[in-house]
Amino acid sequence: MALIEINRDPTTREIRKFAVLWLPAFCLLIGAWFGYRLAAWPTAVGLVGCGVMSVVVGILRPRWMRIVFIAWMWAAFPIGWTVSHLLMGSIFYLVITPIGMIMRLTGRDPLSRKFDRSVETYWVPRPEEVEPSRYFRQF
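Because the structure is a prediction, the values reported are computed rather than measured.

Some points on the pattern of salt bridges
Okay, step 1: Scanning all chains against the criterion turns up two salt bridges.
Okay, step 2: The residue Asp109 makes a salt bridge to Arg113 at a minimum N-O spacing of 3.6 Å.
Okay, step 3: Salt-bridge contacts for Arg137 lead to Glu131; the nearest nitrogen and oxygen are separated by 3.2 Å.
Okay, step 4: Looking at Glu131, the relative accessible area reads 42%, which means it is partly exposed.

Some remarks on the packing of aromatic side chains
Okay, step 1: One pass over the full model with this rule turns up five aromatic pairs.
Okay, step 2: Centre to centre, the rings of Phe18 and Phe69 are 5.3 Å apart; their planes meet at 85°, and the pair counts as edge-to-face. Placement of the pair is Phe18 in helix α1 (residues 12-37) and Phe69 in helix α3 (residues 66-106), with a sequence separation of 51 residues. As far as burial versus exposure is concerned, Phe18 and Phe69 are alike and both buried.
Okay, step 3: Ring centres 5.0 Å apart and planes at 85° place the aromatic pair Phe92 and Tyr93 in the edge-to-face group.
Okay, step 4: With relative accessibility at 42%, the residue Phe92 sits in the partly exposed group.
Okay, step 5: We classify Tyr93 as exposed; its relative accessible area is 57%.
Okay, step 6: Taken together, Phe18, Phe26, Phe69 and Trp72 form an aromatic cluster joined through their ring pairs.

Some words on the layout of surface pockets
Okay, step 1: Space inside the largest pocket adds up to approximately 260 Å³.
Okay, step 2: Along the walls of the largest pocket sit Gly100, Met103, Arg104, Gly107, Arg108, Asp109, Pro110, Leu111, Arg113 and Lys114, which together make up its complete lining.
Okay, step 3: Grouping the constituent residues of the lining of the largest pocket by class yields three nonpolar, two polar and five charged.

Some points on α3
Okay, step 1: With 41 residues, α3 should cover 60 Å at 1.5 Å per step; its first-to-last C-alpha distance of 57 Å lies within 8% of that length.
Okay, step 2: Directly beyond the C-terminal end of α3, a positive phi value near 85° is found at Gly107.

Focus on unusual backbone geometry
Trans peptide bonds make up the majority, and among non-glycine residues the majority have a negative phi.
Okay, step 1: Unlike most non-glycine residues, Ala39 shows phi in positive territory, near 55°.
Okay, step 2: Relative to the helices and strands, Ala39 is located in the loop between α1 and α2 (41-60).
Okay, step 3: Under the relative-accessibility criterion, Ala39 is labelled exposed at 53%.
Okay, step 4: Not every positive phi belongs to a glycine, and Ser112 is a case in point at roughly 50°.
Okay, step 5: On the secondary structure map, Ser112 appears in the segment after α3.

Overview of the side chain of Ser54
Okay, step 1: Its location among the elements puts Ser54 in helix α2.
Okay, step 2: We classify Ser54 as buried; its relative accessible area is 3%.
Okay, step 3: A polar side-chain atom of Ser54 sits 2.8 Å from the main-chain carbonyl oxygen of Gly51.
Okay, step 4: Beyond its immediate sequence surroundings of up to four residues, Ser54 is in contact with Ala19, Leu23, Pro24 and Met65.

Looking at α2
Okay, step 1: Helix length check: α2 (20 residues) gives 28 Å between terminal C-alpha atoms against 28 Å at 1.5 Å per residue, within 8%.
Okay, step 2: Along α2, the positions that sit buried rather than exposed are Ala44, Gly51, Ser54, Val57 and Gly58. Taken down its axis, α2 places every buried residue within 155° of arc, on the same side. Exposed residues on α2 whose side chains face more than 90 degrees from its buried face are Trp41, Pro42, Val45 and Leu60.
Okay, step 3: Buried residues belonging to α2 abut α1.

Thresholds, definitions, all that
- Residues numbered from 1 in each chain as written.
- Predicted model: local features only at pLDDT ≥ 70, side-chain atom pairs only at ≥ 80, totals over all residues.
- Heavy atoms only, no water.
- Salt bridge = Lys/Arg side-chain N within 4 Å of Asp/Glu carboxyl O.
- Buried < 20%, exposed > 50% of the residue type's maximum accessible area, 1.4 Å probe, protein only.
- Phe/Tyr/Trp six-rings, centres within 6.5 Å; stacked < 30°, edge-to-face > 60°.
- Helix = DSSP H or I, 4+ residues; strand = E, 2+ residues; numbered from the N terminus.
- 1 Å grid on protein atoms, 1.4 Å probe; cavity = no way out; pocket = protein on both sides within 12 Å on 5 of 7 lines; lining within 4 Å.
- Points joined across faces, edges and corners; volume = space filled by probe spheres on them.
- Nonpolar A, V, L, I, M, F, W, Y, C, P; charged D, E, K, R; others polar.
- Expected span 1.5 Å × (residues − 1).
- Polar contact = N/O pair within 3.5 Å; in protein donor to acceptor, adjacent residues only side chain to side chain.
- Contact = heavy atoms within 4.5 Å.
- Arc of directions from axis to C-beta.

Right, here's the structure in full:
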């Protein structure tokens, strides 16, 4: 099982949500960019028309938008995979690693992993909870 999977069998609700919300928003955004930045008004009008048509088709016949939904997921998969791996890698190397290095340099050992020959056991005594109602108040 992969961390990220492409939904090849979306429900009618998922398709309708995609066709009525996300696809028109994307078409309107890209159409506005084409119209404002590039002055390509025929392309902008065509994209806005596609957005409007996706709303109409999404409401009346959402199953017709299934192939568009799946194609969109296939197109977005590599972007999501790359961004998630870059984000997790940067968090690890820019946040977790410096914290670990600072803790190591200052001698902090929150897990008590240092070897000590003078002790017989590394067992840490914990107070016993005898009140059973405590299990209903875990936090």
